[in-house]
Amino acid sequence: MSSYRTSKTSSHNSRPPSTSTPTILKKRNTQLNNVPKQKVQFNLIDNLKALLISFDQNNDKEKLKYNNLICDIRDAGIEIKDAELVALLKDARNCVNILNENLTLFVKVILILKWMNRSDEVVNEYRGFLLDVCTAHNYHTKFAIEQLVTCFSHVDNTVFDRVNGMPSEEEERGFQNVHKTLEALLKVIPLAKELLMAAFKRKFPYKKSSVESHLHYIHNLLFVTEYEKSLRKQILSLIVSKLVEIDVHIPKEELNRLESNVNVGIEDIFPMDVDGECMQVDPDKLEAESFSHTLDVCLRRIFMYTNSTCHDPDGGLLWNDTKLLYHDLLSVFESEILPTYNSSHIQYVIYYFLSFKTTLAENFSNWLWKKCCDVSSSSTIRQAAAGYLASFLCRAPFISNSVLKNTIFEMSTWCINYINRVDKSVKVVNEDLLRWHAVFYSMCQSLFYIISFRHHDLMDSKRNLKFMENLNLSKIVTSRLSPLRLCCSTVVNRFAQITKTYQLTYCYAVMDGHIRITDQSIKDEWLYSFFPFDFYVLPRSKDCIMPDLYRHFEDDINKHANIDDEEDKESSLLIDTMDISPSMLSTSSPAKTDWLGQLVNQHH
């Protein structure tokens, strides 16, 4: 056994021989820094198999040699030359038939070797060993998959010229080597898909990890869907759920900073040494900027993915592929995005996709409306659907006027039917009405919002004005449920001004007829006043949405409106706030997810 060091340092001898202790794969810190490392030479063709057989037969004399071999491979790491590594991998492949569970440690120390960016010969031998050992002994598959998935978040810290955080050419070459290996493994062991999804979840970077590690990981997960389409919905759901966690932790102050175009890069906000004194940066501010940067580049990568999936190289829409992706994204939206209160940008994943074809936008609008009316869904989900529907109809320029009119007709009809059922039972206007009729108020609020926002398109002709008159809005605003008093005041004031100008109904007398509920905390608790498609402010991905796919609020109503009373004048000052989500005007944090579960439970 001349090829191995049979006498080891005290750090090696201090541990009893063991085959089940994975910590032997971790380098110990007890070695002295000033002790020169011995170069490990590998000449395993003649003796590796014999050593492994002897160890497997519980030969005490060979245990130390086995452990020394494990430590030699572990300690050599990236210092192993390609030629030596090829020889080691070839010898390991020749031993595959004996690599049972007793020799798991040897298998693991081979699988953790850095290989993805080495020569093609090393890559091919590593891939061959991994496939051979997993097909011969399936209990090694879980660890093998985890090692492959771990590579997906790799970031080469020597690279400084990335574009929007995307992998460099050399990093991408390594990633493709991993994908080819993983794809080959899934073909020979189809049941490994469950292990793969579990590994994806375990190895997903923590939300405070670097921007690049998040982007590289998501970039690679999306690439997996190209050769393993059966996992696409699960992978998209995982990615979105993790980005939701980041999204809801971005404070309003950071969004305001981005909206005001204060372009301070991440590299400019680390502590600096000025005149010998270190200027400390607020760690919360640093974290907030890191979160927004991560969400920004990751959303851009998802936009690129949906666009390339649904279009051919010439830009033509691949309709069959698009329909399949629509069902996957809709499922992810329902499970991950819709239940999230006050997210800032993650909802644009589906918004961007829907812009590919008007049919998609129409189907999505119909789906949201059905969700609003679905009595089997929780009150919170129905309110959220109403907010999404209103915001989508107002902001998406790819929504046709026919869809817009059909929707508000359905909404007004639903509200009137609801009033006919319960109005007589209302005795007093108070916060209890919000508790028991929250869906109704969210529906009214959404209706008011749409009319206020899209009044140009809804009342641009005599025919459309007749259509609006037939909605019987007066019955809604004068009902005992008093939606004008309980809905968001910004939306209500704007709606009152619009309807007065077009003589559809007069709201001000009704608004003054009862005591208003002015405690915004009560409204926040029971009314889902959230219109999610507000300004897109993330700078690196903003050009995918703004301005072509986004409708801004434009108003010239005051040019021909007679503002003849103080309340009208006061409401006219609120015009500019229509471009701000009402909830953002009163909510200190952009993420209030805690109350969702409580609200659902109380309703049940």
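Because the structure is predicted, anything quoted here is derived from the model rather than measured.

Enquirer: What's the story with the overall build of the chain in this structure? I'm lost.
Expert: From N to C terminus, the chain includes 30 helices and two strands. Looking at the chain residue by residue over its 604 residues, the buried ones come to 54%. Taking contacts inside the chain between residues at least 6 apart in sequence as the whole, the part at least 24 apart equals 80%. Summed over its atoms, the accessible surface of the chain is roughly 27600 Å², and 50% of this surface lies on carbon and sulfur atoms.

Enquirer: Just checking my understanding: could you explain the packing of helix α6 (residues 120-136) against helix α8 (residues 169-188) for this structure?
Expert: Helix-helix packing: each pair is described by the crossing angle between the helix axes and the interaxial distance. α8 packs onto α6 with a crossing angle of 25 degrees between their chain directions and a minimal axis gap of 10 Å. In terms of orientation, α6 and α8 fall into the roughly parallel class. α8 is crossed by α6, and the crossing has right-handed handedness. Within the contact between the two elements, α6 uses Asp120, Val123, Arg127, Leu130, Leu131, Cys134 and Thr135 and α8 uses Arg173, Asn177, Lys180, Thr181, Ala184, Leu185 and Val188. The residue inventory of the contact of α6 with α8, partitioned by class, reads seven nonpolar, three polar and four charged.

Enquirer: Where do I start with the confidence of the model for the chain in this structure?
Expert: A low pLDDT means the predicted coordinates there should not be read in detail. Chain-level statistics for the chain give a pLDDT mean of 82 and a share of 78% at 70 or above. In the model of the chain, helix α30 (residues 594-603) stands out as the element of lowest mean pLDDT, 33, in contrast to helix α15 (residues 348-354), which has the highest, 98. Here residues 1-21 is modelled with pLDDT under 50, and outside its nearest four sequence neighbours on either side it reaches 45 contacts, counting other chains as well. Long-range and interchain partners of residues 29-36, a stretch whose pLDDT sits below 50, account for five contacts in this model, where long-range means more than four residues apart.

Enquirer: When you look at the nonpolar core in this model, what are you seeing that I'm missing?
Expert: Counting residues in hydrophobic clusters, the biggest one holds 183 residues, and the most contacted among them are Phe106 and Phe200. Top element by residues in this core is helix α20 (residues 438-453). It accounts for eleven residues. What phenylalanine 106 contacts, discounting residues up to four positions off in sequence, is Leu48, Leu52, Tyr66, Leu69, Ile70, Ile73, Ala92 and Leu99.

Enquirer: How should I be thinking about the packing of aromatic side chains in this particular structure?
Expert: Two descriptors summarise a pair of aromatic rings, namely the distance from one centre to the other and the angle between the planes of the rings. For the structure on display, the rule yields 32 aromatic pairs. With a centroid separation of 4.2 Å and 25 degrees between ring planes, the pair formed by phenylalanine 448 and phenylalanine 495 is classed as stacked. Here phenylalanine 495 lies in helix α25 (residues 489-501) and phenylalanine 448 lies in helix α20, a separation of 47 residues in the sequence. In this structure, phenylalanine 448 and phenylalanine 495 share a single accessibility class: buried.

Enquirer: Please explain the side chain of glutamate 254 as it appears in this structure.
Expert: With respect to the helices, strands and loops of the structure, glutamate 254 is situated in helix α12 (residues 252-259). The exposure class of glutamate 254 is buried, given its relative accessible area of 4%. Engagement of the side chain of glutamate 254 in a polar contact is seen with the side chain of arginine 257, the distance being 2.9 Å. Ignoring anything within four residues of it in the chain, the contact list for glutamate 254 reads Ala288, Glu289 and Ser292.

Enquirer: What is the right way to read the environment of aspartate 423 from this model?
Expert: Within the secondary structure, aspartate 423 is located in the loop between α18 (401-422) and α19 (431-436). For aspartate 423, a relative accessible area of 16% corresponds to the buried category. Expressed as a C-alpha distance, the spacing of aspartate 423 and leucine 481, which sit 58 residues apart in the sequence, is 6.4 Å. Each residue touching aspartate 423, except ones within four places of it in the same chain, is listed here: Ser479, Arg480 and Leu481.

Enquirer: Is there a simple way to think about the pattern of salt bridges in this case?
Expert: Two side chains carrying opposite charge are able to pair once their charged atoms lie near each other. For the structure shown, the criterion picks out 23 salt bridges. Between glutamate 171 and arginine 162 there is a salt bridge whose closest N-O contact spans 2.6 Å. On the basis of relative accessible area, glutamate 171 is assigned to the buried category, the value being 2%. One salt bridge in this structure joins aspartate 457 and arginine 454, with 2.9 Å as the shortest N-O distance. The class of aspartate 457 is partly exposed, set by a relative accessible area of 21%. Here the salt bridges do not stand alone but share partners, grouping Lys90, Arg93, Glu125 and Asp132 into one network.

Enquirer: What am I meant to see in α25 here?
Expert: Because an α-helix completes one turn every 3.6 residues, residues spaced three or four positions apart along the sequence face the same direction. In this model α25 runs 18 Å from its N-terminal to its C-terminal C-alpha over 13 residues, within 8% of the 18 Å that 1.5 Å per residue would give. Counting buried residues in α25 gives ten out of 13 residues, a clear majority hidden from the surface.

Enquirer: I keep staring at the environment of aspartate 284 and nothing clicks. Help me out?
Expert: Among the secondary structure elements, aspartate 284 is positioned in helix α13 (residues 283-310). The class for aspartate 284 is exposed, based on a relative accessible area of 57%. In the structure, aspartate 284 is positioned 33 residues away from proline 251 in sequence and 9.7 Å away in space, judged by C-alpha atoms.

Enquirer: I'm lost on the packing of α13 against helix α14 (residues 319-337) in this one. Help?
Expert: At their nearest, the axes of α13 and α14 sit 8 Å apart, and the two run at 145 degrees to each other. Residues Thr306, Thr309 and Cys310 of α13 pack against Asp321, Thr322, Leu325 and Leu329 of α14. Across the contact of α13 with α14, the residue classes tally to three nonpolar, three polar and one charged.

Enquirer: So what exactly am I meant to see when it comes to helix α3 (residues 60-76) here?
Expert: When the terminal C-alpha atoms of α3 are compared, their 25 Å separation across 17 residues agrees well with the 24 Å that a helix rising 1.5 Å per residue should span. Counting buried positions along α3 yields twelve of 17 residues, so the element is predominantly enclosed. Regarding α3, the residues found buried are Glu62, Tyr66, Asn67, Asn68, Leu69, Ile70, Cys71, Asp72, Ile73, Arg74, Asp75 and Ala76. Count one or two residues on from α3 and you reach glycine 77, which has phi positive near 50 degrees.

Here is what the cut-offs are and how they apply
Residues numbered from 1 in each chain as written. Predicted model: local features only at pLDDT ≥ 70, side-chain atom pairs only at ≥ 80, totals over all residues. Heavy atoms only, no water. Helix = DSSP H or I, 4+ residues; strand = E, 2+ residues; numbered from the N terminus. Buried < 20%, exposed > 50% of the residue type's maximum accessible area, 1.4 Å probe, protein only. Contact = heavy atoms within 4.5 Å. Areas by Shrake-Rupley, 256 points an atom, 1.4 Å probe, with all protein chains shown as cover. Axes fitted to C-alpha atoms, helices over the stretch in contact; angles between N-to-C directions. Parallel < 35°, antiparallel > 145°, perpendicular 65-115°, else oblique. Left-handed = near helix turned anticlockwise from the far one by under 90°. Nonpolar A, V, L, I, M, F, W, Y, C, P; charged D, E, K, R; others polar. pLDDT = per-residue confidence, 0-100. Core = buried A, V, L, I, M, F, W, Y, C linked by side-chain atoms within 4.5 Å. Phe/Tyr/Trp six-rings, centres within 6.5 Å; stacked < 30°, edge-to-face > 60°. Polar contact = N/O pair within 3.5 Å; in protein donor to acceptor, adjacent residues only side chain to side chain. Salt bridge = Lys/Arg side-chain N within 4 Å of Asp/Glu carboxyl O. Expected span 1.5 Å × (residues − 1).

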